[in-house]
Every structure is written in structure tokens, then in C-alpha cells.
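Spelled out, the chains give:
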Number of protein chains: 2
Amino acid sequence: MNIGEAAKATGVSAKMIRYYESIGLMPKVVRTGAGYRVYSSNDLHTLRFIRRARDLGFAIESITRLLRLWQNRSRSSSQMKSVTTEHIGALRQRIAEMESMVRTLEHLAKHCHGDLRPECPILDDLAKPDTKAAPAKARSRPGVFRAVRA
Amino acid sequence: MNIGEAAKATGVSAKMIRYYESIGLMPKVVRTGAGYRVYSSNDLHTLRFIRRARDLGFAIESITRLLRLWQNRSRSSSQMKSVTTEHIGALRQRIAEMESMVRTLEHLAKHCHGDLRPECPILDDLAKPDTKAAPAKARSRPGVFRAVRA
DNA sequence: ATGGGGTTTCCCATGATGGCAGGGTTGATG
DNA sequence: CATCAACCCTGCCATCATGGGAAACCCCAT
């Protein structure tokens, strides 16, 4: 099975398959004499695993852990659960931040006439001369926010 | 006012101030003979505007539009409102996606014992042999998800 | 044997941000 | 006046996951 077929079969682009291999997320697969990658059904299984984890918003780093647990017969389900609940927590936090933005924006938009006049409370708010910076928030792991492969 | 003072006064890091200038979001400010940037209270006002817009999750591209409207006396509030509602829509969509992830993850985690045994429904789900790819979603503008400056 | 459609590697770009290095400036103190 | 710390400048690199493209190579069918 070529990389293109593997891509079609798993929903992971060839580009990403190579990338996952390059960063050690996927094991190096067998090559033909000419250097073409060859995928076994086992490899396809791993790729689908990765895709599903990405779809659930797991960062690559977490997927590395998930894969290790998957292949580790002496794992404990508590390890799986902790990776998962940690991720849920990160998602929830991010959702809360975004909901707070939405609330503010809606409040502002509600009071904006949306007509031909230039006055606009949204602008007034952004242009307020004295507001303090938002409280510093933890730098969020990007993986959490981009589970969506176009 | 030096860039460092401007940074303290506005909550935008010096690095970002230079960056905003380099991409044309901020106008080029006056320089001293030695090349130091000098910030007027007008410039500070603009920087605070930018920071607040970032805190609300607007992408740089949208902030460019917001700034133009701010400085355009013949703007209409409907233009402001449309930039805003568009942004609200993007946030809402992303929130919905993440909530869907959370729902799935919680469902899986709920059925995971979290003990010393290796069986885990989370793993079972990720390792399912036949699931289809998630429906293709619109590539999301990164700006929407990272309003949080550390 | 030729061509079209695979594949390989390598480099570049994204967006917003931080970090570092190497060099110039400024102001205060000895 | 010399020195030193604390600024500032530019430029480059890194992040994270992903796509795009080029140049070269390979495989198969006509």
C-alpha cells in the first residue's frame, strides 16, 4: 500500500503521514527498493488512531502518549483517563475564555445600531482611554484549538 | 516615550509593538536621531485599541479593518457591526466544535474505570478499525483561537 | 519508449508570539 | 571623563500543524 492509498484509506494526508513519521509519532515504515513507503494494515490502524485523536483535539504530544499506552500491554486505564481528563480541562478552559469573549461582543453589538451613522459602542469600547490589560492567562497549547484538519 | 514605557503603559510587549509596526498595523512612529522609536499619546491610544481587540479574540486582519473604521469619520456603524458579528460567528462555531469534542471525551471518560486494569473504552474508540474521517470543516483562522497573550 | 501520475526530499509559508545574539545609546555614578 | 547597567535596535530562529511547490525519480500502461 502506497502512501497515497494509505492517505485515502485513513483520512490523513500524505503530507501529514510523512510529517508524523519525521517527528517520530509514526514508526518508520518499510520501503520498497526505490524508496517508496509501504503501509501495512497495522500502519493503517495506527494512522486512523492518530486521526481520531486529532479529531478529538488532542495535541501531537498527547497523541504520542496515547499511542504508547495503546501499545503497552501493562498500561493502566487510569493513565488513559488522566491524559483524557487533562485534555478535557484544557478544552473547557479555552471554551470558557471564548464564551467570555462572545458575551462581551454580543453585549457591545446589541447596542450598536448597525446603520449608516458612525457612532458605535463597539468602537467606543475598544477606544476607551484607560482600560487595563486582561489578566494574564496561561499560554495555551495550540494543539487544543486546531483539531480541524481542513 | 520609549518603546519599553509604551509597552508597560499599554500592555503590549515591545516585541509585538515592533511586529505590529512591521506588518503595517501600527503606523510607523517617529524616531530619535539614534533610531529609538518615540510614542505619542495618540500612538498609545492605538496600541490600547489593538490590545483590547486582541483580548476579544479579533485576528490581526480584522483589527486592521477595525482600526481603519475607527479612523474613518465617514464610517457606518453597520460596518463595525458586521466585522463584529462575523467574529462572533467564528467564535461560536469554534466553541461548538470544541464542545462536541468535550462531549465525546466525557462520554468515553465516564466509562473508563481509571484503575490499574488496561481495558479502556477511550482506547477502544480511538482504535476502532473502521471509523470515517470527521466531516471536513472550514479551515479556521488562527487569530480566533489565540487572543491570549501569555 | 513515452507520458501521466504516482513518489521522494527539501524549502517556504502561515499567525502571533517569545527568545537570543550582537551591536549601539543613554543616563547616572564614581 | 570613564564605566556600567539598562535600555534600544535589527535580524534570525522556534513554536505547532498544515499546505504548497519544485526538482528529481519511479511505475505502469499504451
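## Some words on the nonpolar core
Inference 1: Within the largest apolar cluster, 79 residues are counted, with the highest numbers of intra-cluster contacts made by Tyr39(A) and Tyr39(B).
Inference 2: If near-sequence neighbours (up to four positions away) are discounted, Tyr39(A) is found in contact with Met1(A), Asn2(A), Ile3(A), Ala6(A), Ile17(A), Glu21(A), Met26(A), Val29(A), Leu44(A) and Leu47(A).

## Some details on the packing of helix α4 (residues 60-71) of chain A against helix α5 (residues 77-110) of chain A
Residues and elements named next belong to chain A.
Inference 1: Here α4 crosses α5 at 160°, and the two axes come no closer than 10 Å. Between α4 and α5, the angle is such that the two are roughly antiparallel. As α4 packs across α5, the resulting crossing turns out to be left-handed. In this structure, α4 contributes Ser62, Arg65, Leu66 and Leu69 to the contact, and α5 contributes Gln79, Met80, Val83 and Glu86.

## Points about the environment of Ile50(B)
Residue and element names in this part refer to chain B.
Inference 1: Following the sequence through the fold, Ile50 ends up in helix α3 (residues 41-55).
Inference 2: Residues Ile50 and Ile60, ten residues apart in the sequence, show an inter-C-alpha distance of 8.6 Å.
Inference 3: If near-sequence neighbours (up to four positions away) are discounted, Ile50 is found in contact with Tyr20, Leu25, Met26, Ile63 and Leu67.

## Considering the environment of Glu99(B)
Inference 1: By secondary structure assignment, the location of Glu99(B) is in helix α5 (residues 77-110).
Inference 2: If we ignore the near neighbours within four places in the chain, the residues touching Glu99(B) are Ile95(A) and Glu99(A).

## With respect to the confidence of the model for chain A
Inference 1: On average, residues of chain A carry a pLDDT of 87, and 86% of them reach 70 or more.
Inference 2: For residues 146-150 of chain A, every residue scores under 50 in pLDDT, and the model assigns this stretch 20 contacts once sequence neighbours within four places are set aside.

## Topic: the state of the cysteines
All names here are of chain A.
Inference 1: Applying the stated criterion across every chain yields a total of zero disulfides over all chains.
Inference 2: Here Cys112 stays unpaired: no disulfide links it, and the sulfur of Cys120, its closest cysteine neighbor, is 3.5 Å away.
Inference 3: In this structure Cys112 comes out as buried when scored by relative accessible area, which is 2%.

Calculation criteria
Residues numbered from 1 in each chain as written. Chains lettered and ligands numbered in written order. Predicted model: local features only at pLDDT ≥ 70, side-chain atom pairs only at ≥ 80, totals over all residues. Heavy atoms only, no water. Core = buried A, V, L, I, M, F, W, Y, C linked by side-chain atoms within 4.5 Å. Buried < 20%, exposed > 50% of the residue type's maximum accessible area, 1.4 Å probe, protein only. Contact = heavy atoms within 4.5 Å. Axes fitted to C-alpha atoms, helices over the stretch in contact; angles between N-to-C directions. Helix = DSSP H or I, 4+ residues; strand = E, 2+ residues; numbered from the N terminus. Parallel < 35°, antiparallel > 145°, perpendicular 65-115°, else oblique. Left-handed = near helix turned anticlockwise from the far one by under 90°. pLDDT = per-residue confidence, 0-100. Disulfide = S-S within 2.5 Å.

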